[in-house]
Amino acid sequence: MKSRLAVLGSTRGTHLLTLIDAIQQKHLSASIEVVISNKHDALILQRAREHKLPHFFIDSVDLTREQYDQKLSVKLQEFKIDQIVLVGYMRILSASFIAEWQNKIINVHPSLLPAFAGGMNHDVHRAVLESGMSETGCTIHRVTDKVDAGPILLQKKCAVLADDTVESLKKRVQQLEAEALIEVIRHTI
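Predicted model, so just to flag it, every value in this text is computed and none were measured.

What follows is about the overall build of the chain. Across its full length, the chain holds 6 helices and 7 strands. Ordered by position in the sequence, the α and β elements of the chain form the string β-α-β-α-β-α-β-α-β-α-β-β-α. Relative to the 2.2 N^0.38 estimate, which gives 16 Å for 189 residues, the radius of gyration of the chain is 16 Å and therefore close to what a compact globule would have. With respect to the three principal axes, the spread of C-alpha positions in the chain is 50 × 40 × 30 Å. Taking contacts inside the chain between residues at least 6 apart in sequence as the whole, the part at least 24 apart equals 64%.

To continue, consider the pairing of strand 1 (residues 3-8). Of all 6 residues in strand 1, 5 are buried; the element is thus mostly enclosed. Across 6 bridges, the pairing between strand 1 and strand 2 (residues 30-37) is parallel. Within the sheet, the bridge partner assigned to Leu8 lies in strand 2 and is Ile36.

Our next topic: the nonpolar core. Judged by nonpolar contacts, the single largest core of 35 residues is most densely connected at Leu16, Leu19, Ile32 and Leu181. Apart from residues no more than four positions distant in its own chain, Leu16 is found in contact with Val7, Ile32, Val35, Ile44, Arg47, Ala48 and Leu53. Formed by 19 residues, the second largest nonpolar core is a distinct cluster that contains Ile84, Trp101, Ile105 and Val143.

All chains considered together, the criterion is met by 2 aromatic pairs. Aromatic pair Phe97 and Trp101: ring centres 6.2 Å apart, planes at 35 degrees, arrangement tilted. Considered together, Phe97 and Trp101 belong to a single accessibility category, that of buried residues. One cation-aromatic arrangement involves Lys75 over Phe56; the distance from NZ or CZ to the ring centre is 3.9 Å. The residue whose ring lies beneath Arg91 is Tyr68, and the NZ or CZ to ring-centre distance is 4.0 Å.

Our next topic: the sheet that holds strand 1. Spatially, 7 strands are ordered 3-2-1-4-5-6-7 in an open sheet, and the strand pairing comes out mixed. Looking at the sheet topology across the chains shown, the edges are occupied by strand 3 (55-57) and strand 7 (152-159). Across the sheet, the mean angle from the axis of one strand to that of its neighbour is 20 degrees, orientation sign disregarded. When strand 5 (residues 105-109) meets strand 6 (residues 135-142), the two strands line up antiparallel, connected through 4 bridges. When the sheet's bridge partners are listed, Ile106 is paired in strand 6 with Arg142. Packed onto the sheet, helix 1 (residues 14-24) meets strand 1, strand 2, strand 4 (83-86) and strand 5 and runs at close to 160 degrees relative to strand 2. Running at roughly 150 degrees to strand 2, helix 3 (residues 65-78) makes contact with strand 1, strand 2, strand 3 and strand 4 of the sheet.

Below, the discussion takes up the packing of helix 1 against helix 2 (residues 43-50). Running from N to C, helix 1 and helix 2 cross one another at 25 degrees; their axes reach a closest spacing of 9 Å. Here helix 1 is positioned roughly parallel relative to helix 2, judged by the angle of their axes. The residues of helix 2 that touch helix 1, namely those facing Thr14, Leu16 and Leu17, are Ile44, Arg47 and Ala48.

Rules used throughout
- Residues numbered from 1 in each chain as written.
- Predicted model: local features only at pLDDT ≥ 70, side-chain atom pairs only at ≥ 80, totals over all residues.
- Heavy atoms only, no water.
- Helix = DSSP H or I, 4+ residues; strand = E, 2+ residues; numbered from the N terminus.
- Rg over C-alpha atoms; globule rule 2.2 N^0.38 Å.
- Contact = heavy atoms within 4.5 Å.
- Buried < 20%, exposed > 50% of the residue type's maximum accessible area, 1.4 Å probe, protein only.
- Pairing = 2+ DSSP bridges.
- Core = buried A, V, L, I, M, F, W, Y, C linked by side-chain atoms within 4.5 Å.
- Phe/Tyr/Trp six-rings, centres within 6.5 Å; stacked < 30°, edge-to-face > 60°.
- Lys NZ or Arg CZ within 6 Å of the ring centre and 35° of its normal.
- Axes fitted to C-alpha atoms, helices over the stretch in contact; angles between N-to-C directions.
- Parallel < 35°, antiparallel > 145°, perpendicular 65-115°, else oblique.

Pasting the structure below:
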(Lines give C-alpha, C1' and ligand atoms only; values in the text may rest on other atoms or scores of the structure.)
Protein backbone atom coordinates (compact mmCIF):
# COMPACT_ATOMS: atom_id res chain seq x y z
CA MET A 1 0.00 0.00 0.00
CA LYS A 2 1.29 3.44 -0.95
CA SER A 3 2.00 5.90 1.81
CA ARG A 4 0.17 9.21 1.31
CA LEU A 5 2.74 11.93 1.96
CA ALA A 6 2.47 15.62 2.73
CA VAL A 7 5.62 17.66 2.19
CA LEU A 8 6.06 20.81 4.27
CA GLY A 9 8.77 23.27 3.31
CA SER A 10 9.71 26.93 3.51
CA THR A 11 12.59 27.09 1.07
CA ARG A 12 13.73 25.68 -2.28
CA GLY A 13 12.16 22.23 -2.07
CA THR A 14 15.22 20.35 -3.29
CA HIS A 15 14.07 17.20 -1.52
CA LEU A 16 10.57 17.51 -2.96
CA LEU A 17 12.26 16.84 -6.31
CA THR A 18 14.13 13.93 -4.71
CA LEU A 19 10.81 12.40 -3.64
CA ILE A 20 9.14 13.04 -7.00
CA ASP A 21 12.03 11.35 -8.84
CA ALA A 22 12.06 8.35 -6.49
CA ILE A 23 8.31 7.86 -6.90
CA GLN A 24 8.43 8.22 -10.69
CA GLN A 25 11.32 5.74 -10.93
CA LYS A 26 9.38 3.32 -8.69
CA HIS A 27 12.09 3.41 -6.00
CA LEU A 28 9.45 4.51 -3.52
CA SER A 29 5.90 3.25 -3.01
CA ALA A 30 4.34 6.54 -1.99
CA SER A 31 2.36 9.43 -3.36
CA ILE A 32 2.79 13.12 -2.64
CA GLU A 33 -0.73 14.24 -1.90
CA VAL A 34 -0.04 17.85 -0.97
CA VAL A 35 2.79 20.37 -0.58
CA ILE A 36 2.37 23.16 1.98
CA SER A 37 4.50 26.18 2.79
CA ASN A 38 4.38 28.98 5.30
CA LYS A 39 6.17 31.25 2.76
CA HIS A 40 4.09 32.50 -0.18
CA ASP A 41 7.17 32.88 -2.40
CA ALA A 42 8.90 29.61 -1.47
CA LEU A 43 10.37 27.83 -4.48
CA ILE A 44 8.90 24.57 -3.17
CA LEU A 45 5.42 25.84 -4.13
CA GLN A 46 6.57 26.66 -7.66
CA ARG A 47 8.12 23.20 -7.97
CA ALA A 48 4.90 21.59 -6.74
CA ARG A 49 2.93 23.62 -9.32
CA GLU A 50 5.33 22.56 -12.11
CA HIS A 51 4.77 18.91 -11.15
CA LYS A 52 0.99 19.40 -10.91
CA LEU A 53 0.88 18.58 -7.21
CA PRO A 54 -1.74 20.17 -4.95
CA HIS A 55 0.04 22.98 -3.12
CA PHE A 56 -0.93 25.61 -0.60
CA PHE A 57 0.48 28.62 1.17
CA ILE A 58 -0.90 28.94 4.68
CA ASP A 59 -0.37 32.44 6.01
CA SER A 60 0.70 32.73 9.64
CA VAL A 61 -0.01 36.46 10.02
CA ASP A 62 -2.01 37.19 13.19
CA LEU A 63 -2.16 33.50 14.13
CA THR A 64 -0.68 31.85 17.19
CA ARG A 65 1.45 28.76 16.57
CA GLU A 66 -1.50 26.60 17.68
CA GLN A 67 -3.98 28.40 15.40
CA TYR A 68 -1.64 28.06 12.44
CA ASP A 69 -1.04 24.38 13.13
CA GLN A 70 -4.78 23.81 13.46
CA LYS A 71 -5.27 25.22 9.93
CA LEU A 72 -2.40 23.04 8.76
CA SER A 73 -3.91 19.94 10.35
CA VAL A 74 -7.30 20.54 8.72
CA LYS A 75 -5.59 20.68 5.32
CA LEU A 76 -3.63 17.49 6.01
CA GLN A 77 -6.80 15.68 7.11
CA GLU A 78 -8.54 16.85 3.95
CA PHE A 79 -5.88 15.01 1.92
CA LYS A 80 -5.96 11.90 4.17
CA ILE A 81 -2.24 12.09 4.90
CA ASP A 82 -0.37 9.10 6.35
CA GLN A 83 3.03 10.75 6.85
CA ILE A 84 4.38 14.30 6.97
CA VAL A 85 7.85 15.02 5.62
CA LEU A 86 9.54 18.25 6.71
CA VAL A 87 12.11 19.50 4.17
CA GLY A 88 13.52 22.90 4.99
CA TYR A 89 10.42 23.74 7.01
CA MET A 90 11.33 26.82 9.02
CA ARG A 91 8.61 26.66 11.65
CA ILE A 92 8.53 24.97 15.02
CA LEU A 93 5.43 22.79 15.27
CA SER A 94 3.15 23.12 18.29
CA ALA A 95 2.95 20.37 20.91
CA SER A 96 -0.74 19.84 20.08
CA PHE A 97 0.01 19.33 16.38
CA ILE A 98 2.82 16.89 17.18
CA ALA A 99 0.54 14.96 19.54
CA GLU A 100 -2.19 14.78 16.89
CA TRP A 101 0.27 13.48 14.27
CA GLN A 102 2.45 11.49 16.68
CA ASN A 103 4.96 9.20 14.96
CA LYS A 104 3.81 10.46 11.56
CA ILE A 105 6.23 13.39 11.11
CA ILE A 106 9.84 13.09 9.98
CA ASN A 107 12.40 15.85 9.60
CA VAL A 108 15.56 16.15 7.53
CA HIS A 109 18.33 17.86 9.53
CA PRO A 110 21.68 18.93 8.00
CA SER A 111 23.96 17.68 10.78
CA LEU A 112 24.70 14.61 12.82
CA LEU A 113 22.29 15.27 15.66
CA PRO A 114 22.54 16.09 18.50
CA ALA A 115 25.30 18.33 17.08
CA PHE A 116 23.92 21.68 15.93
CA ALA A 117 20.35 20.89 16.95
CA GLY A 118 18.03 23.83 16.40
CA GLY A 119 20.18 25.24 13.60
CA MET A 120 19.01 25.62 10.03
CA ASN A 121 20.45 25.53 6.55
CA HIS A 122 23.61 27.62 5.99
CA ASP A 123 23.96 28.36 9.70
CA VAL A 124 24.51 24.67 10.44
CA HIS A 125 27.16 24.23 7.73
CA ARG A 126 28.90 27.43 8.81
CA ALA A 127 28.94 26.21 12.43
CA VAL A 128 30.39 22.85 11.34
CA LEU A 129 33.20 24.61 9.46
CA GLU A 130 33.89 27.02 12.32
CA SER A 131 33.99 24.17 14.85
CA GLY A 132 36.83 22.45 13.01
CA MET A 133 34.97 19.14 12.94
CA SER A 134 36.41 16.54 10.57
CA GLU A 135 33.06 14.86 9.92
CA THR A 136 29.45 15.94 9.43
CA GLY A 137 26.39 14.57 7.72
CA CYS A 138 22.65 14.47 8.05
CA THR A 139 19.97 13.04 10.28
CA ILE A 140 16.44 11.90 9.55
CA HIS A 141 14.43 11.82 12.77
CA ARG A 142 10.90 11.60 14.06
CA VAL A 143 9.55 14.93 15.23
CA THR A 144 8.71 15.32 18.91
CA ASP A 145 7.90 18.38 21.01
CA LYS A 146 11.62 18.89 21.66
CA VAL A 147 13.30 20.53 18.66
CA ASP A 148 15.62 18.16 16.76
CA ALA A 149 15.55 15.68 19.64
CA GLY A 150 13.19 13.00 18.34
CA PRO A 151 14.23 9.40 17.75
CA ILE A 152 16.92 9.16 15.07
CA LEU A 153 15.87 6.97 12.15
CA LEU A 154 19.04 7.27 10.07
CA GLN A 155 22.27 9.24 9.89
CA LYS A 156 24.70 9.45 6.98
CA LYS A 157 28.20 10.88 7.27
CA CYS A 158 30.75 12.66 5.11
CA ALA A 159 34.17 14.18 5.70
CA VAL A 160 34.64 17.91 6.13
CA LEU A 161 37.34 18.84 3.62
CA ALA A 162 40.06 21.41 4.24
CA ASP A 163 38.88 23.57 1.33
CA ASP A 164 35.15 23.28 2.06
CA THR A 165 32.94 26.33 1.89
CA VAL A 166 29.43 26.55 3.29
CA GLU A 167 28.08 25.89 -0.22
CA SER A 168 30.36 22.94 -1.05
CA LEU A 169 29.61 21.30 2.29
CA LYS A 170 25.89 21.93 1.91
CA LYS A 171 25.93 20.30 -1.53
CA ARG A 172 27.54 17.11 -0.22
CA VAL A 173 25.28 16.95 2.84
CA GLN A 174 22.19 17.50 0.67
CA GLN A 175 23.16 14.49 -1.44
CA LEU A 176 23.32 12.42 1.75
CA GLU A 177 19.98 13.86 2.87
CA ALA A 178 18.36 12.75 -0.40
CA GLU A 179 19.68 9.20 -0.02
CA ALA A 180 18.71 9.01 3.65
CA LEU A 181 15.23 10.42 3.09
CA ILE A 182 14.37 7.83 0.44
CA GLU A 183 15.84 5.04 2.54
CA VAL A 184 13.83 6.03 5.62
CA ILE A 185 10.56 6.40 3.75
CA ARG A 186 11.12 3.08 1.96
CA HIS A 187 11.95 1.10 5.10
CA THR A 188 10.25 2.74 8.07
CA ILE A 189 7.13 4.46 6.83
